[in-house]
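Here is what each chain is made of, one letter per residue.
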Amino acid sequence: MSRRTALILMVAALVVALAAPLALRLMPRSPQTHVINFTAQRYGYTPARITVNQGDKVVLKPTSKDVTHGFLLDGYDVDAILKQQGVTYLKYLWTDDQGKAHTDWDKVKLIEFTADKAGKFTYRCTQTCGNLHPFMVGELIVQDNTPYHFAVSLSLWIVFGLLLWTGVGGWRPPSSKRIDLLSRFSWFKRLVKARSFQFWLLLINLVIFYLFILSALWGSPVGNRNIAIIFVWIFWWTALKAVMLPLGGRVWCLMCPLPAPAEWLVRMRLTSVRYLKEPLRRLHHRFLGLNLDWPKRLANGWLQNTLFLVLISFGIILITRPVATAILFLFILAATLVLSLIYRGRTFCRFLCPVGGFLGTYSMAACSELRPVDTEVCKKHRDKCCLVGGEGGWACPWGRYTGGLKRNNYCGLCTECIKSCPKDNVSIFLRPFGSDLRLKGYDEAFNVLIMLMVAFVFSVTMLGPWLWIKQAANVTESRHLVPFLLYVGSVLSLAMIVFPGLLFGASWLGRRWSGIDVSFKETTLRLTYVFIPLGIFAWIAFSLPQVMINYNYVLAVLSDPLGLGWNLLGTAYLPFDPLWPRSIPYIQGVLLLSGLYLGLRRGLAALGPAAPTPAASLKAMLPTALLTLLVVNVFLRLYMA
Amino acid sequence: MPRKTLFAFILALLLAPPLAGGASAGQIKGTVKPQGLRSPEGVLVYLSNGPEVMLDLSGAKFVMDQRQLTFIPYVLPVPVGAKVSFPNNDKVAHNVFSLSQAKKFNLGSYKPGQSIEVTFDQPGVVELRCDVHQEMKAYILVLKNPYYALTDAQGNFAIPDSKLLAAHGIKGVPPLPEGKYLMKTWHEKLRGDRAKVEAPATGAADVTFRLKRGPSGVLYKR
């Protein structure tokens, strides 16, 4: 098949993909009235999902089983307060003679509206009703859900088009263009060359961190009223996933305050370098403590993967209880201190930090990198100051030889090598998304798979409407151990057995079918790369709506950071008012489709030299592409239908 | 024409107006168009200087029910002298009280299944509250004469309000005599309005009220 034919086929398929959802709308339907007994309780609604056809009338008979709850329906301007025994207040708007709008509440028995807009609409609790209040939601599906049908047919089209284009060998080899930021912006170079650069970033964040800990321990125990919860788990998490990671890779590690006190302590310096002329077991520094090296057997990502899964099991508790958050951070702080006194370098960050694990694998796709300007200069330079330390900078705390850096994974961007290199041969570069293509071991591959599955599990648990899943996960409040263990068991088996099993199967099939001449492990590692861009975009799709929905809580806690009833900025009592909630399913759909495209596209590049011909590359990728399509459609169904 | 047929014809002509229902002698009907309400239902319209007639309240039954932490109805208009019962049909105890001038009382806490009666012998607005549940509220409007009406879901009313009178079992309300009357409105969230109306001997006068949001006033000046 020629490329021309392939292009024509792709355009034809696009027309079909766009026409199919519209054709579905032609099915005739007659409007109905749905009378529904509607119950709110901590932390969900019954029914959790209401499915109607466009034009139908919905009549809810609302009541609350326990405390006062809210009911705010995205896109429909229905805002009610639900109390026990059916006492319901419905908000309405009216305009006075001057044209000024007023709101008022009316005591009602029924909530009635006509479902005249199609799509998915979430109803949310507006009254702080307990720990999991921010996740108390239900869903109204108004058929035909054309946006969702579009997303599904486009996902099919993307996979079809990509594979077709691969089959005809249409892709050009990936570009290796990069922009040297330090030589281009001299102010930036002066900034990162300054010895105190990292110190100030760390100090500022450490002060903020200290205040967060105070607030978490002594502030409001209500999660959405505590700055530690709101800032860390909603604001920081989203900023990390949606901004820092895709653009700056591990740039968070540059400014993470948790290991800072330990590092300052063992270096016995805040900004300057203590340089030893004679190296002590390779490094030109003597640190406070035992100066041991991390055991080789543990020098991989499995501890991080394990710790991450442990934290995730308690995820919903961790991110809704200020005290749990504080204990976690203080524990990490203590761990960094102890480990630093025993081992040299950032052993906690490198081998234990659960966040560090996925920052490592995901930073492979980041649009920036720290690399030598010219590797030849590094090869000829005998001292390797970046690795062992120089007069201008500390030895790499991450144990890296900058001259050999090919991937972002284990570079914490601390900028010491930029300062220690006497040849001025280290810089920070901008590069295309998804440039580091090779995963090196099963520990990294599993990290990628775990992250994707956790994005799925969190989406189900936190953003989904299912009361029983929230109750199972929220064990410290519901106090039922068996459902919790079942929940954790399913999460673990999904992340460690089911999904890896599916991928291994797809990899085995692809390898057999294409007959490519690389080992099974190598094939699997290369194919796993697909789930790095997809994972990043799935996490953005999970995180971004949190900020859009809860931004008023962010403003409120800024005004009252310690939960003491202050109102510094006048925003402490802002009502719950999501930002463009109607657009959230659309944004999530676009993000997931972008993730699908970029995942497969970069995955094909990762397969690259292993599959020498277009046909081999197509055959090797096909089973994994179908698995990816399945994953994306599971997410689409979760977010859009 | 046979005499019998003629007789039937005349009888039919005589009976037609009363049997035709609504448009009988002495009626005022109309519409209330309120500003800033979700629904125009439940606005009181009354004749402040209507004829004070002796009413037969022997079969009357006025009930302010308490169910699901709510008083039902929210607005209960009654004539002076009405005996209103306050049954507790809820699952929890209630304590109904009023601090209003027209009738001050406090029924104390009483259990589900119990009922207490209160007689309202002074005209005026009585705001009911429950000492246990601060969100519970209702109004009893005590009126000097039976010529009052509550608007329906479309904002329509008719005085006398035959449906309301029948529901409350008030008997012996004569048709509204021909004459000039002062009509007033009352709603918790609306500023009261008034209109001079001439009730015709037959048929009905038609009045439209456009009400604004504002503090509600008293029913009668003292």
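Residues numbered from 1 in each chain as written. Chains lettered and ligands numbered in written order. Predicted model: local features only at pLDDT ≥ 70, side-chain atom pairs only at ≥ 80, totals over all residues. Heavy atoms only, no water.

### Brief notes about the overall build of chain A
1) Next: In terms of regular secondary structure, chain A is built from 24 helices and 14 strands.
2) Next: Taken over C-alpha atoms, the radius of gyration comes to 27 Å for chain A, in line with the 26 Å a tight globule of 641 residues would show.
3) Next: Each principal axis of the C-alpha distribution contributes one length, and for chain A these read about 85 × 70 × 55 Å.
4) Next: The buried share among the 641 residues of chain A stands at 58%.
5) Next: For chain A, the share of sequence-separated contacts (at least 6 apart) that also reach a separation of at least 24 residues comes to 77%.
6) Next: Accessible surface, chain A: about 27200 Å² in total, of which carbon and sulfur atoms supply 66%.
7) Next: Taking the average location of the 65 positive side-chain charges in chain A and that of its 32 negative ones, the two points are 9 Å from each other. (Helix = DSSP H or I, 4+ residues; strand = E, 2+ residues; numbered from the N terminus. Rg over C-alpha atoms; globule rule 2.2 N^0.38 Å. Buried < 20%, exposed > 50% of the residue type's maximum accessible area, 1.4 Å probe, protein only. Contact = heavy atoms within 4.5 Å. Areas by Shrake-Rupley, 256 points an atom, 1.4 Å probe, with all protein chains shown as cover. Lys, Arg positive; Asp, Glu negative; His and termini not counted. Charge placed at Lys NZ, Arg CZ, Asp CG, Glu CD.)

### What about the interface of chain A and chain B?
How big an interface is tends to be stated in terms of accessible area lost as the parts join.
1) Next: The interface is formed by 18 residues belonging to chain A together with 13 residues belonging to chain B.
2) Next: Together chain A and chain B conceal approximately 1400 Å² of surface at their shared face, both sides included; 46% is due to carbon and sulfur atoms.
3) Next: Counting every contact that joins chain A to chain B gives four salt bridges.
4) Next: We note a salt bridge from K189 of chain B to D104 of chain A, for which the minimum N-O separation is 3.1 Å.
5) Next: Applying the counting rule to chain A against chain B returns nine residue pairs in polar contact (both at pLDDT 80 or more). (Buried area = accessible area lost by both parts, 1.4 Å probe. Salt bridge = Lys/Arg side-chain N within 4 Å of Asp/Glu carboxyl O. Polar contact = N/O pair within 3.5 Å; in protein donor to acceptor, adjacent residues only side chain to side chain.)

### Some words on the side chain of S427 of chain A
Residue and element names in this part refer to chain A.
1) Next: Mapping S427 onto the fold places it in strand β14 (residues 426-430).
2) Next: Looking at S427, the relative accessible area reads 2%, which means it is buried.
3) Next: Within the local environment of S427, its side chain forms a polar contact with the side chain of D180, the two groups lying 2.4 Å apart.
4) Next: The contacts of S427, once residues within four sequence positions are left out, are D180, L181, L182, E369, L370, R371 and V373.

### A closer look at the nonpolar core
1) Next: Residues F71, L140, W233, F358 and F531 of chain A are the most contacted members of the largest nonpolar core, which totals 186 residues.
2) Next: Top element by residues in this core is helix α22 (residues 531-559) of chain A. It accounts for 15 residues.
3) Next: Ignoring any residue separated from it by four or fewer positions in sequence, one finds F358 of chain A in contact with W237, L240, K241, L245, F308, S363, N447 and M451 of chain A.
4) Next: Core analysis: the next-biggest nonpolar cluster, separate from the first, contains 36 residues, V84, Y139, L164 and L219 of chain B among them. (Core = buried A, V, L, I, M, F, W, Y, C linked by side-chain atoms within 4.5 Å.)

### What about the environment of Y586 of chain A?
Residues and elements named next belong to chain A.
1) Next: You can see Y586 is positioned in helix α23 (residues 584-607).
2) Next: Under the relative-accessibility criterion, Y586 is labelled partly exposed at 36%.
3) Next: Between the C-alpha atoms of Y586 and L258, which are 328 residues apart in sequence, the distance is 37 Å.

### As for the pattern of salt bridges
All names here are of chain A.
1) Next: All told, the structure shown has 33 salt bridges over all chains when counted by the stated rule.
2) Next: Between R267 and E416 there is a salt bridge, with its nearest N and O atoms 4.0 Å apart. Highlighted residues: R267 in helix α8 (residues 260-267) and E416 in helix α16 (residues 416-420), separated in sequence by 149 residues.
3) Next: Since its relative accessible area comes to 8%, R267 is described here as buried.
4) Next: As a salt-bridge pair, E369 and R371 come within 3.5 Å of each other at their nearest N and O atoms. The same class applies to E369 and to R371, which are both buried.
5) Next: Taken together, the shared-partner salt bridges in this structure form one network comprising R178, E369, R371, R431 and D436.

### Some remarks on the domain arrangement of chain A
All names here are of chain A.
1) Next: Partitioning chain A into structural domains gives domain 1 (36-143), domain 2 (179-430) and domain 3 (447-475 + 483-640).
2) Next: For domain 2 and domain 3, the distance between their C-alpha centroids amounts to 25 Å.
3) Next: Here domain 2 meets domain 3 over a buried area of about 3300 Å², counting both sides, of which 76% is carbon and sulfur.
4) Next: Across the domain 2-domain 3 interface, the total number found is zero salt bridges.
5) Next: Across the contact surface, domain 2 and domain 3 share six residue pairs in polar contact (both at pLDDT 80 or more). (Domains from an automatic or database assignment.)

### Some words on the sheet that holds strand β10 (residues 119-124) of chain A
Residue and element names in this part refer to chain A.
1) Next: The sheet built from seven strands is open, its strands ordered β3-β11-β10-β5-β6-β7-β8 with mixed pairing. Sheet topology places β3 (49-53) and β8 (101-108) at the edges, where each strand pairs with a single neighbour. Going from strand to strand, the sheet's axes swing by 25 degrees on average, the running direction of each strand aside.
2) Next: Across three bridges, the pairing between strand β6 (residues 78-82) and strand β7 (residues 88-95) is antiparallel. (Pairing = 2+ DSSP bridges. Axes fitted to C-alpha atoms, helices over the stretch in contact; angles between N-to-C directions.)

### Some thoughts on a nonpolar patch on the surface
All names here are of chain A.
1) Next: A cluster of nonpolar side chains, L555, L558, L564, W566, L568, L569 and L574, forms an exposed patch at the surface whose accessible area comes to about 630 Å².
2) Next: Along the chain, L564 turns up in the loop between α22 and α23.
3) Next: For L564, a relative accessible area of 52% gives the class exposed. (Patch = residues over 30% accessible without salt bridge, like charges linked within 9 Å, V, L, I, M, F, W, Y side chains within 5 Å.)

### Topic: unusual backbone geometry
Residue and element names in this part refer to chain A.
1) Next: Between R42 and Y43 the backbone carries a cis peptide bond, its omega angle lying at -5 degrees.
2) Next: For R281, which is not a glycine, the phi torsion comes out positive at approximately 40 degrees.
3) Next: Examined against the element boundaries, R281 turns out to sit in the loop between α8 and α9 (302-313).
4) Next: The phi angle at N291 is positive, at roughly 55 degrees, despite the residue not being glycine.

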